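Chain residues, written in single-letter form:
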Amino acid sequence: MSSGKVFGHKNTEGEIASSAAIVPYETSFASIGMVIVKEEYRGLGLGKEATQQCMNSLSSDVEIMLISTEDVKPLYEKMGFHIVYRVHKYICNTYLTSNLTNTTVTIEHFNESDLTKIIELDGAAFGDKRSNYLKHRINQSEAYVVVKDNIGDIIGFGLSIVGAVNLIIGPIVAPDARVASIILDKLAIGHQGKLRIDLPSGNEVFKVAVEKCGFVTVSNPPIMMVNSTKMPKRNGELYGIAAQVFG
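Conventions we followed
Residues numbered from 1 in each chain as written. Predicted model: local features only at pLDDT ≥ 70, side-chain atom pairs only at ≥ 80, totals over all residues. Heavy atoms only, no water. Buried < 20%, exposed > 50% of the residue type's maximum accessible area, 1.4 Å probe, protein only. Helix = DSSP H or I, 4+ residues; strand = E, 2+ residues; numbered from the N terminus. Arc of directions from axis to C-beta. Contact = heavy atoms within 4.5 Å. Core = buried A, V, L, I, M, F, W, Y, C linked by side-chain atoms within 4.5 Å. Polar contact = N/O pair within 3.5 Å; in protein donor to acceptor, adjacent residues only side chain to side chain. Phe/Tyr/Trp six-rings, centres within 6.5 Å; stacked < 30°, edge-to-face > 60°. Lys NZ or Arg CZ within 6 Å of the ring centre and 35° of its normal. Axes fitted to C-alpha atoms, helices over the stretch in contact; angles between N-to-C directions. Parallel < 35°, antiparallel > 145°, perpendicular 65-115°, else oblique. Left-handed = near helix turned anticlockwise from the far one by under 90°. Nonpolar A, V, L, I, M, F, W, Y, C, P; charged D, E, K, R; others polar. Pairing = 2+ DSSP bridges. Lys, Arg positive; Asp, Glu negative; His and termini not counted. Salt bridge = Lys/Arg side-chain N within 4 Å of Asp/Glu carboxyl O.

Visitor: What should I look at first to understand helix α6 (residues 204-212) in this one?
Guide: Side chains that are three or four residues apart share a direction in an α-helix, a result of its 3.6 residues per turn. Of the residues making up α6, those classed as buried are Phe206, Lys207 and Val210. Within α6, the buried residues cover an arc of 105° as seen down the axis, which keeps them to one side. What points out from α6, more than 90 degrees from its buried face, is the exposed set Val205 and Lys212. Close packing links the buried residues of α6 with β5 (82-92), α5 (177-188), β10 (195-200) and β13 (238-240). Downstream of α6 by one or two residues, Gly214 has phi in the positive range, about 105°.

This is how it looks when you write it as structure tokens:
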């Protein structure tokens, strides 16, 4: 709610029947998520209406992404969305440390003075600046780390969020798969319970590293977009997405 707007339906008793959230970023890009319809109201087109309301809340030239399921994909295609990418959802019951020797970078806890650089790194990796979202996500985080090189410059970061079922890890931004694995270790080691991380397509080396740590892929949902046929320009340093609602 602090990062965007949520639309939906209520029944005559005022109970929520559906929802869809729109999260606008700072140029001409936005993300839709949390498209949910209570079971007894499914089949009435409420999800489509809520999603359309999200789209209508922005200028018609804004590029909008969402992460779909295979079942709902035909509905989004009718609304003008096209598959441009996929993500890989991974779940882990027991984390196994990567045991990487860390001699080239320094891992530190987040400091308020790091925020400007974090926003810059995230913008280049994600494809749009999203400072408002990051500020709120950091405040919600269970853990947050930054990575510095041997001259003290910030080159990456990662955070984790406690979800209803899993510890959700992401975003992870790093210059390479090794540093991304070091960040993952720092965020995951010691957690008692399930973990989740969603990886963008590509970065095959990091996928292998994640699987060696005990993660198993459970789905590969499509990323769909409207008003564009491709994702915004990214620099290849996004190793774990924040969440399916945020991209």
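Visitor: What is the right way to look at the nonpolar core in this model?
Guide: Grouped burial of nonpolar side chains is what soluble globular proteins tend to show. Within the largest apolar cluster, 32 residues are counted, with the highest numbers of intra-cluster contacts made by Tyr25, Met65, Ile118, Tyr144, Phe157, Ile223 and Phe246. Those elements that provide at least two residues to this core are β4 (63-67), β5, α3 (115-126), α4 (131-140), β7 (143-148), β8 (154-162) and β12 (222-226). Counting residues per element, this core draws most heavily on α3, at six residues. Ignoring anything within four residues of it in the chain, the contact list for Tyr25 reads Ala30, Ser31, Phe126, Asp128, Lys129, Arg130, Tyr133 and Phe246. In terms of nonpolar packing, the next biggest core, distinct from the first, is built from 27 residues, Ala174, Leu195, Leu199 and Cys213 among them.

Visitor: Looking at this structure, I do not really get the environment of Glu70. What am I missing?
Guide: By the secondary structure assignment, Glu70 is in the loop between β4 and α2 (73-78). It is 22 Å that separates the C-alpha atoms of Glu70 and Lys207, two residues lying 137 residues apart in sequence. In this structure, Glu70 is in contact with Arg86, Asn220 and Pro222, ignoring residues within four places of it in sequence. Side-chain polar atoms of Glu70 contact the side chain of Arg86, separated by 2.9 Å.

Visitor: I would appreciate a short explanation of unusual backbone geometry in the present structure.
Guide: Negative phi characterises most residues that are not glycine, and trans characterises most peptide bonds. Here the residue pair Gly170 and Pro171 is connected by a cis peptide bond, since its omega of 0° sits within 30 degrees of zero. Phi angles above zero are rare outside glycine, and Met34 is one such case at about 55°. Structurally, Met34 is set in strand β3 (residues 29-37).

Visitor: Could you clarify how one ought to interpret the packing of aromatic side chains in this entry?
Guide: The geometry of two aromatic rings is summed up by the distance between their centres and the angle between their planes. This structure, assessed with the given rule, holds nine aromatic pairs. Both rings, one in Tyr144 and one in Phe157, keep their centres 6.0 Å apart while their planes meet at 5°; by these two values the pair is stacked. With Tyr144 in strand β7 and Phe157 in strand β8, the pair connects residues that are 13 residues apart, well separated along the chain. Neither Tyr144 nor Phe157 differs from the other in exposure class; each is buried. By way of ring pairs, the aromatic residues Tyr25, Phe29 and Phe126 are connected into one cluster. For the cation-ring pair, Arg130 lies above Tyr25, with the distance from its terminal atom to the ring centre recorded as 5.9 Å.

Visitor: What exactly am I supposed to notice about the packing of α5 against α6 here?
Guide: For any two helices packed against each other, the geometry is given by the interaxial angle and the distance between the axes. At a minimum axis distance of 9 Å, the contact between α5 and α6 shows a crossing angle of 30°. With respect to α6, the axis of α5 lies roughly parallel. Here the hand of the crossing between α5 and α6 comes out right-handed. Along the contact surface, α5 presents Ala177, Ala180, Ser181 and Leu184, while α6 presents Val205, Phe206, Ala209 and Val210. Looking at the contact of α5 with α6 residue by residue, the class counts come to seven nonpolar, one polar and no charged.

Visitor: Honestly, the pairing of β12 in this entry has me stumped. Any pointers?
Guide: Regular strands have side chains that alternate between both faces of the sheet. Counted residue by residue, β12 has five buried out of five residues, so it is predominantly covered. Burial of the side chains of β12 extends over both faces: Pro222, Met224 and Val226 are buried on one face and Ile223 and Met225 on the other. The pairing of β4 with β12 spans four bridges and is classified as antiparallel. Looking at β12, one finds that Met65 is bridged to Met225. Pairing geometry for β5 and β12, over four bridges, is antiparallel. Note on β12: the bridge partner recorded for Tyr85 is Ile223.

Visitor: I would appreciate a short explanation of the side chain of Asp128 in the present structure.
Guide: Inspection of the secondary structure puts Asp128 in the loop between α3 and α4. Of the side chains with opposite charge, Arg130 lies nearest to the buried Asp128, which makes no salt bridge, at 8.6 Å. Within the structure, the side chain of Asp128 is placed 2.8 Å from the side chain of Thr27, a separation counted as a polar contact. Dropping the residues within four chain positions of it, Asp128 is found in contact with Tyr25, Glu26, Thr27, Ser28, Phe29, Asp122 and Gly123.

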